[in-house]
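Each chain is listed here by its residues.
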Amino acid sequence: MEIRQKNMQTTLVYAIYMFSNILVAALVIRALLSWFARDPYSPAGKIYGFFIRFTEPIVMPFRKLLSRFNTGMFDFSLLLAMLAIEIGANIICRIILIF
């Protein structure tokens, strides 16, 4: 029984880390494509649109939070979202491994 529980914990922790890595990778791809996807009808523009739709629910709260501060022309919401995802995944995995 104890071994089965450890295997479940390990699998769950691995799944959480993989999901967080996928989210962070999607945010990085979104940031990189924002430099190159100028035409929304080009293939790169369509891929960029997909990543916008996929990641905007994650980024929007951080963009609203940062809109209170004057960051100039820089948008740090993606960076803050990546940081929050990594911290959140680490906290959740540590809680799982404690029990």
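Values in this document were obtained by computation on a predicted structure and should not be read as measured data.

Chemist: Now, about helix α2 (residues 43–66): what can you tell me, with residues and values included?
Modeler: Of all the bends in α2, the largest measures some 60° and sits at E56, one to four residues before the proline P57. For α2, the full list of buried residues reads G45, G49, F51, T55, V59 and L66.

Chemist: Give a description of the side chain of T55 that names residues and reports values.
Modeler: As for its placement among the helices and strands, T55 is situated in helix α2. With residues up to four places along the chain from it excluded, the contact list for T55 reads A26, L27 and R30.

Chemist: Explain the confidence of the model for the protein chain to me, and be specific about the residues and the numbers.
Modeler: This prediction gives the protein chain a mean pLDDT of 91; 98% of its residues lie at or above 70. Looking at the elements of the protein chain, mean pLDDT is at its lowest for helix α1 (residues 2–36), recorded as 91, and at its highest for helix α3 (residues 77–98), recorded as 95.

Chemist: Can you explain the packing of aromatic side chains? Please cite residues and give values.
Modeler: The tally for this structure, following the rule as stated, stands at 3 aromatic pairs. Pairing F50 with F51 gives two aromatic rings, centres 5.3 Å apart and planes at 75°, and the pair type is edge-to-face. Classification of F50 by relative accessible area gives partly exposed; the value is 45%. Owing to a relative accessible area of 14%, F51 belongs among the buried residues under this scheme. On the numbers, 6.1 Å between centres and 35° between planes, the contact of F74 with F76 is tilted. Three or more aromatic residues joined by ring pairs form one cluster here, namely F50, F51 and F54.

What counts and what doesn't
Residues numbered from 1 in each chain as written. Predicted model: local features only at pLDDT ≥ 70, side-chain atom pairs only at ≥ 80, totals over all residues. Heavy atoms only, no water. Bend = angle between axes of the 7 residues up to and from the residue. Helix = DSSP H or I, 4+ residues; strand = E, 2+ residues; numbered from the N terminus. Buried < 20%, exposed > 50% of the residue type's maximum accessible area, 1.4 Å probe, protein only. Contact = heavy atoms within 4.5 Å. pLDDT = per-residue confidence, 0-100. Phe/Tyr/Trp six-rings, centres within 6.5 Å; stacked < 30°, edge-to-face > 60°.

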